[in-house]
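Descriptive structure summary
Residues per chain are reported as follows:
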Amino acid sequence: MHIGNLRTALYCYLYARRHKGIFILRIEDTDQERFVPGATEIIYQTLQECGMTHEEGPDTGGKYGPYVQSQRKDIYLRYAKRLVQLGGAYYCFCSKERLETLAEEQSGANGEKTYKKYDKHCLHLPKEEIKRRLAAGEPYVIRQNIPLSGTSSYTDLVFGEISVDFSDIEDNILIKSDGLPTYNFANVVDDHLMKISHVFRGSEYLSSTPKYNLIYDTFKWERPQYIHLPLIMRDAQHKLSKRHGDANFDDFIKKGYLPEAIVNYIALLGWSPGDNREKLSFAELIAAFDIAGISKSGSIFDEPKLRWLNAQYLKELSPEEFNRRAIPFYEQSKVKNKYDYAKLSALLQSRAEILSDIPDAVDFLEEFGDFDNALYLNQKQKVDAAVAKAALTALIPAVEAISDWSLTTIHDSVSAFAETSGFKKGQLLWSARIAVTGRASTPGGAFEMFDLLGKPETLRRLKYSLERL
RNA sequence: GGCUCCAUGGUCAAGCGGUUAAGACACCGCCCUUUCACGGCGGUUACAGGAGUUCGAACCUCCUUGGAGUCACCA
């Protein structure tokens, strides 16, 4: 599920909960060409992982089913015919070829792109001819009959008053030649039949909503409240797209983000509770959600901030829970089955921002070799390669002398040695940590690294690195 | 291109005619830990431009500029 869709669902859910409403899941699958096996299951699973439960839907049932549009074909056709009778729509037999010709005729003279608009050709077909062609089984579509002039307006709860001239809207297809409706029609019929009070959707529908309102009006149905949501952008120019491959909920889960963090983050992308809170639980989100806090301008998805939020959620997990979630990532790393995961987790919980940081953070335990001696450089501790060399030379015998290898004995022995060594403790530890890991940043200090590696490996690495200084 | 919409730091954003223009992420610095992080403290950075309305505009109006959406037998 795309992050944008998920946010729309989230706002719907939050609003429904906040106002003791009903959250309905409806599957809009009227485009059989875009059918993706398993897609519905992903929707169920994602909503469940995020804690959004619906009281009506294909799997839960409800009074207004079926909740899958492909199973409501007859309903749409029935209403479409009624709309034709009311003058709000008409049969169209135009071939694809004619429509293409139409587009060419209207193309700009100097090769620039011009946009076509259907010429209402079939609107003027005699009744008898329509009857005859229908009876003959000729393929047809049903088009919406948009007035040639006039203006339509409505009030969006986020954007305010929106008005569009009918002359700017074309006679869109309501029922396709395969008998299924387009979104343009299905959404109106279903929303009415299912008693939908509030329509939350992306702002790409902002200017096509007058078309839908026209249908409501023709049927004399009550129009719903509209809440159009600003787009989520990848950067200032492009909206977050599936094509980038990382805009899906599942991708973030695979990267080791927690559903709670994702939900919290996207809730705040385009909406503000009005106060300074950045980290809100699901219950707090429900209590605080208010349409007035939705912003109008698009927001850029900022992964670093999601990372930070995720780190907050990671830190408040119990050690056991953190370890449980981290295990799959140890399994993907070089330390697989070689280290005590719980011990690693204790070090990593306060350091990892996302779980997929784990393999890289931990691989040095199994992978050690040459590294750039510039890593020893540390202004504050006054360490450079020369100091490191002297420090390591002095430190090695002291490490060799440690009997009973444990975090405590390592700590006590090295600290005691530091007193008499003539080196500052910081110089010793800094040099040792670099020497033993070959990394600037590690999931713990020198003591933890020694403890993790064990005495033989620690000494081997200390000597190996010293030789190269 | 027509139409619709949008415009506060690099990013998310508060602000609703009188504010030293919040807060968060990121970045930088300091402290803590004589080691990596975490954490704490502090700092740099914003009202797109121009007219108008007003005693007074980030807030209201208009224009300009920039950006987005849309113009399918997709949703």
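In the block above lies the structure referred to throughout.
Here goes a summary of the coordinates provided.

Cut-offs used in this document
Residues numbered from 1 in each chain as written. Chains lettered and ligands numbered in written order. Predicted model: local features only at pLDDT ≥ 70, side-chain atom pairs only at ≥ 80, totals over all residues. Heavy atoms only, no water. Buried < 20%, exposed > 50% of the residue type's maximum accessible area, 1.4 Å probe, protein only. Helix = DSSP H or I, 4+ residues; strand = E, 2+ residues; numbered from the N terminus. Contact = heavy atoms within 4.5 Å. Disulfide = S-S within 2.5 Å. Core = buried A, V, L, I, M, F, W, Y, C linked by side-chain atoms within 4.5 Å. Domains from an automatic or database assignment. Near = heavy atom within 4 Å. Polar contact = N/O pair within 3.5 Å; in protein donor to acceptor, adjacent residues only side chain to side chain. Nonpolar A, V, L, I, M, F, W, Y, C, P; charged D, E, K, R; others polar.

A word on helix 18 (residues 446-453)
Within helix 18, seven of the eight residues are buried, which leaves it mostly tucked inside the rest of the structure. Looking at helix 18, one finds that the buried residues are Ala 446, Phe 447, Met 449, Phe 450, Asp 451, Leu 452 and Leu 453. Summarising the contacts, the buried residues of helix 18 are in contact with helix 13 (341-348), helix 15 (385-400), helix 16 (407-421), helix 17 (425-437) and helix 19 (455-467).

Things to note about the state of the cysteines
Overall, the coordinates contain zero disulfides when judged by the stated rule. There is no disulfide at Cys 12, and the cysteine sulfur nearest it, in Cys 50, is 14 Å away. Exposure remark for Cys 12: the relative accessible area of 21% places this residue in the partly exposed category. For Cys 50, a relative accessible area of 6% corresponds to the buried category.

Some details on the nonpolar core
Within soluble globular proteins, side chains that are nonpolar generally end up buried alongside one another. Ranked by internal contacts, the top residues of the largest apolar core, which has 94 residues, are Met 52, Ile 294, Phe 301, Leu 344, Leu 365 and Phe 450. Broken down by element, this core gets its largest block of residues, nine residues, from helix 1 (residues 3-18). Taken together, domain 2 (317-365) and domain 3 (373-468) each give at least three residues to this core, which thus spans both. When near neighbours in sequence (up to four residues on either side) are disregarded, Leu 344 contacts Tyr 330, Val 335, Tyr 339, Val 362, Leu 365 and Leu 452. Among the nonpolar cores identified, the runner-up in size contains 39 residues, and Val 141, Ile 142, Ile 162 and Val 199 belong to it.

Overview of the protein's contact with RNA strand B
As a matter of local geometry, RNA strand B sits amid 59 residues, with Thr 30, Lys 176, Gly 270, Arg 351 and Ala 446 nearest to it. When the atoms of RNA strand B within 4 Å of the protein are grouped by moiety, sugar and phosphate amount to 66% of the total. A distance of 3.1 Å separates a sugar or linking oxygen of RNA strand B from a polar atom in the side chain of Glu 28. The separation between a sugar or linking oxygen of RNA strand B and a polar main-chain atom of Ala 236 is 3.5 Å. Counting residues per element, the ones that place at least two in the surface near RNA strand B are strand 4 (160-165), strand 9 (299-300), helix 11 (303-315), helix 17 and helix 18. Counting residues per element, the surface near RNA strand B draws most heavily on helix 17, at five residues. For the surface near RNA strand B, the class distribution of residues is 20 nonpolar, 20 polar and 19 charged.

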